[in-house]
Amino acid sequence: EPEVTQTPSHQVTQMGQEVILRCVPISNHLYFYWYRQILGQKVEFLVSFYNNEISEKSEIFDDQFSVERPDGSNFTLKIRSTKLEDSAMYFCASSLQGANTEAFFGQGTRLTVV
Amino acid sequence: KNEVEQSPQNLTAQEGEFITINCSYSVGISALHWLQQHPGGGIVSLFMLSSGKKKHGRLIATINIQEKHSSLHITASHPRDSAVYICAVYNQGGKLIFGQGTELSVKP
């Protein structure tokens, strides 16, 4: 069964360092998303991506964040200068046609900023 | 006030019990997801529904669009059903807005 894969599963980084979280969405899906979940809190939306551009972003997704689909299969989230409060579980998701089609989630990347 | 409210927040049941988790939402949507999150953190989609009822094994999900309410039922609950169950609703742009989750513990 096709699945969304994320790497790495865990990442520890020093405050101020750049991190890149990687995702391989399901191959025929057209809509891609990043969500995050701070420990003990609910999952929150970061950004959606369609047709090689951001279609929606939350207020969390500031200039420190960027997304890219560099090669037609990977979908990356970059955090330029990590802060302690960026520590969270980051989930990538993809869907075939956005709203009204099922979203499939990766297993997540647990990011710890020290 | 949360746009997506789940109840209860925590639920402990005995094996074999019938379980209901409720979700009410205030945002206008096209469809709704029920998701399962295990202690390891991964999220699995259980159902996506926009009307009526869906059934998969011992899980049943219903939705009433007019009342902006959905329920997830688990029949003959089992300890392996222990997890966090999350309701998430779509906005028109396709992003999901999540509830806070219901932590279910099923005791043998």
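It should be emphasised that the depicted structure is a prediction, and the values quoted were computed from it without experimental measurement.

What counts, and where the lines are drawn
Residues numbered from 1 in each chain as written. Chains lettered and ligands numbered in written order. Predicted model: local features only at pLDDT ≥ 70, side-chain atom pairs only at ≥ 80, totals over all residues. Heavy atoms only, no water. Core = buried A, V, L, I, M, F, W, Y, C linked by side-chain atoms within 4.5 Å. Buried < 20%, exposed > 50% of the residue type's maximum accessible area, 1.4 Å probe, protein only. Helix = DSSP H or I, 4+ residues; strand = E, 2+ residues; numbered from the N terminus. Contact = heavy atoms within 4.5 Å. 1 Å grid on protein atoms, 1.4 Å probe; cavity = no way out; pocket = protein on both sides within 12 Å on 5 of 7 lines; lining within 4 Å. Points joined across faces, edges and corners; volume = space filled by probe spheres on them. Nonpolar A, V, L, I, M, F, W, Y, C, P; charged D, E, K, R; others polar. Phe/Tyr/Trp six-rings, centres within 6.5 Å; stacked < 30°, edge-to-face > 60°. Disulfide = S-S within 2.5 Å. Buried area = accessible area lost by both parts, 1.4 Å probe. Salt bridge = Lys/Arg side-chain N within 4 Å of Asp/Glu carboxyl O. Polar contact = N/O pair within 3.5 Å; in protein donor to acceptor, adjacent residues only side chain to side chain.

A.B. asks: Please set out the nonpolar core residue by residue, giving values where relevant.
C.D. replies: With 25 residues, the main nonpolar core has B:Tyr25, B:Leu32, B:Trp34, B:Phe47, B:Tyr85 and B:Val89 as its most contacted residues. When residues of this core are traced back to their parent elements, those giving at least two are β3 (19-25), β4 (32-37), β5 (43-49), β7 (59-64), β8 (69-74), β9 (83-90) and β11 (102-107) of chain B. Ignoring anything within four residues of it in the chain, the contact list for B:Val89 reads B:Val4, B:Tyr25, B:Val27, B:Ile29, B:Ala31, B:Leu32, B:Lys95, B:Leu96 and B:Ile97. Residues A:Cys23, A:Phe32, A:Val67 and A:Val113 belong to the second largest nonpolar core, which totals 21 residues.

A.B. asks: Go over the layout of surface pockets, please, and point to the residues and values.
C.D. replies: In this structure, the largest pocket encloses a volume near 510 Å³. Its residues assigned to classes, the lining of the largest pocket shows 8 nonpolar, 13 polar and 3 charged.

A.B. asks: Account for the packing of aromatic side chains, with residues named and values stated.
C.D. replies: As enumerated under the stated definition, the model contains 10 aromatic pairs over all chains in all. Centroid distance A:Tyr35 to B:Phe98: 5.3 Å. Interplanar angle 75 degrees. Geometry classified as edge-to-face. Of this pair, A:Tyr35 sits in strand β4 (residues 31-37) while B:Phe98 sits in strand β10 (residues 96-98), placing the two residues on different chains. When its relative accessible area of 0% is taken as the criterion, A:Tyr35 is described as buried. Look at B:Phe98 and you get buried, because its relative accessible area is 2%. Pairing A:Phe49 with A:Phe75 gives two aromatic rings, centres 5.3 Å apart and planes at 40 degrees, and the pair type is tilted. Placement of the pair is A:Phe49 in strand β5 (residues 44-50) and A:Phe75 in strand β8 (residues 75-79), with a sequence separation of 26 residues. The pair A:Phe49 / A:Phe75 is uniform in exposure class, with both members buried.

A.B. asks: Requested: an account of the state of the cysteines, with residues and values cited.
C.D. replies: All told, the structure shown has 2 disulfides over all chains when counted by the stated rule. Put simply, A:Cys23 and A:Cys92 are joined by a disulfide, and their sulfur atoms are 1.9 Å apart. Looking along the S-S bond of the A:Cys23-A:Cys92 disulfide, the torsion reads about -65 degrees, which is the left-handed sense. One end of the pair, A:Cys23, is in strand β3 (residues 19-24); the other, A:Cys92, is in strand β9 (residues 88-95), and 69 residues separate them in sequence. As far as burial versus exposure is concerned, A:Cys23 and A:Cys92 are alike and both buried. Put simply, B:Cys23 and B:Cys87 are joined by a disulfide, and their sulfur atoms are 2.0 Å apart. The disulfide joining B:Cys23 to B:Cys87 has a torsion of about -60 degrees about its S-S bond and is therefore left-handed.

A.B. asks: Kindly report on the interface of chain A and chain B, identifying the contributing residues and their values.
C.D. replies: A common way to report how large an interface is uses the accessible area buried once the components associate. Taken residue by residue, the interface counts 19 residues in chain A and 22 residues in chain B. In total, about 1,700 Å² of surface goes out of reach between chain A and chain B, with carbon and sulfur atoms giving 55% of it. By the criterion of area lost to chain B, the three top residues of chain A are A:Lys42, A:Asn100 and A:Phe105, representing 30% of everything that side buries. A salt bridge links B:Lys95 to A:Glu56, with the shortest nitrogen-to-oxygen separation between them at 3.3 Å. Joining chain A to chain B, the criterion identifies 9 residue pairs in polar contact (both at pLDDT 80 or more). Going through the elements one at a time, β4, β9 and β10 (103-105) of chain A are the ones with two or more residues in the side of chain A that touches chain B. By residue number, the principal contributor to the side of chain A that touches chain B is β4(A), which donates 3 residues. Here the residues of the side of chain A that touches chain B sort into 9 nonpolar, 6 polar and 4 charged.

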